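Each chain, letter by letter, is given below.
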Amino acid sequence: MKNKRTGEILCLIILIIATFLALFPFYFMFVSGTNTNADILAVPPRLVPGFELIRNFQLLSKKIGLLRSTWNTLTISVIYTVVCTVLFSAAGYALALFSFKGRNVIFGFILASMMIPALVMYVPLFEMMIKINLTDTYAGVVLPLLANAFGIFLMRQNMLHFPPVLLEAARIDGVGELGIFAKIVLPNVKPALGALIIYMFTSMWNNFMWPLIILGSKRLYTLPVSLAMLDGNPTNKNYAVILLAAAIATLPVLLIFFIFQKQFIAGVMGGAVKE
């Protein structure tokens, strides 16, 4: 009994240390955004909140157009998340609950596409966007990224063992396929939907490379692209402003995850145990 108690205490200590190591970079980032550059570069650096938040925020807004970039990112992320949720849920419903010839082959191709590095696709996608005149537009950012195999995989796995009796009963009662999908299936896979929404929103919010490639106008830059513009002269960097920008970019993702973390974990685990 004594050995068990000692083991539990050691595990607790290790978890506390690991938690501190994981959270300290975020704490330092948020605190540094309220201090001056000199405070950050001091030895040791200042680890308590300062009084430069408003000044740093004004400098950041002047350098990159913070509000405009945030609005662009939010708009693109919301549009992408809504469209992805509808498309991937419908695809998962079809692949999980309909029997048709070639279903497993189609799903196999979808899984195989997950092994293709995204970087390989950027050049042909960019050429395609040029041909259909979608460069430097929101649509040019969103449309190519709708082909996301993980979202389809997640929804298909969560719907795979949905009770067919419920579907047959609804069809007997005269409910159409759209009604079954919207009123019966989706309400029963809410954890998976929560996980899908979180994953799609955060992936687009943090996306840097594709918006950098496809967007040419600064007025359309997303927040990650705008933040990259802060990386100027290495000998004259304002680290307080850079860390404040990083904190602003990180905060929405952290809030969404903390609010919906139960749905995210349940949705991912629900897809993992299905066969």
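Preceding block: the structure.
Residues numbered from 1 in each chain as written. Predicted model: local features only at pLDDT ≥ 70, side-chain atom pairs only at ≥ 80, totals over all residues. Heavy atoms only, no water.

Caption draft 1: Looking closely at the nonpolar core. If you look at the biggest cluster of nonpolar residues, it comprises 44 residues, and the most contacted ones within it are Tyr80, Met155, Met159, Val185 and Trp210. Here the element with the most residues in this core is helix α4 (residues 66-97); it accounts for eight residues. Leu60, Leu66, Phe201 and Leu223 belong to the second largest nonpolar core, which has 15 residues in total. (Core = buried A, V, L, I, M, F, W, Y, C linked by side-chain atoms within 4.5 Å. Buried < 20%, exposed > 50% of the residue type's maximum accessible area, 1.4 Å probe, protein only. Helix = DSSP H or I, 4+ residues; strand = E, 2+ residues; numbered from the N terminus.)

Caption draft 2: Inspection of helix α3 (residues 53-64) at higher detail. Relative to the 16 Å expected for twelve residues at 1.5 Å per residue, α3 spans 17 Å between its end C-alpha atoms, a close match to the ideal helical length. In the stretch just after α3, glycine 65 is the one whose phi turns positive, near 65°. (Expected span 1.5 Å × (residues − 1).)

Caption draft 3: A look at the packing of aromatic side chains. Throughout the structure, instances matching the rule amount to eight aromatic pairs. Where phenylalanine 20 meets phenylalanine 24, the ring centres are 5.6 Å apart and the plane angle is 35°; that geometry is what we call tilted. Of this pair, phenylalanine 20 and phenylalanine 24 both sit in helix α1 (residues 2-32), four residues apart, roughly one helical turn. Taking relative accessible area as the criterion, phenylalanine 24 reaches 30% and is therefore assigned partly exposed. On the numbers, 5.8 Å between centres and 20° between planes, the contact of phenylalanine 201 with tryptophan 205 is stacked. With phenylalanine 201 and tryptophan 205 both in helix α11 (residues 190-205) and four residues apart, this pair spans about one turn of that helix. For the pair formed by phenylalanine 201 and tryptophan 205, the shared burial category is buried. One aromatic cluster is present, formed by Phe20, Phe24 and Phe28 through successive ring pairs. Taking NZ or CZ as reference, arginine 156 lies 4.0 Å from the ring centre of phenylalanine 107, over its face. (Phe/Tyr/Trp six-rings, centres within 6.5 Å; stacked < 30°, edge-to-face > 60°. Lys NZ or Arg CZ within 6 Å of the ring centre and 35° of its normal.)

Caption draft 4: Spatial organisation of the pattern of salt bridges. In total, this model carries two salt bridges according to the counting rule given. The closest approach of N and O atoms between arginine 171 and glutamate 168, which form a salt bridge, is 3.2 Å. Taken together, the residues arginine 171 and glutamate 168, both in helix α9 (residues 164-172) and three residues apart, mark about one turn of the helix. By relative accessible area, arginine 171 is classed as partly exposed at 28%. Through salt bridges with shared partners, a single ionic network connects Glu168, Arg171 and Glu177. (Salt bridge = Lys/Arg side-chain N within 4 Å of Asp/Glu carboxyl O.)

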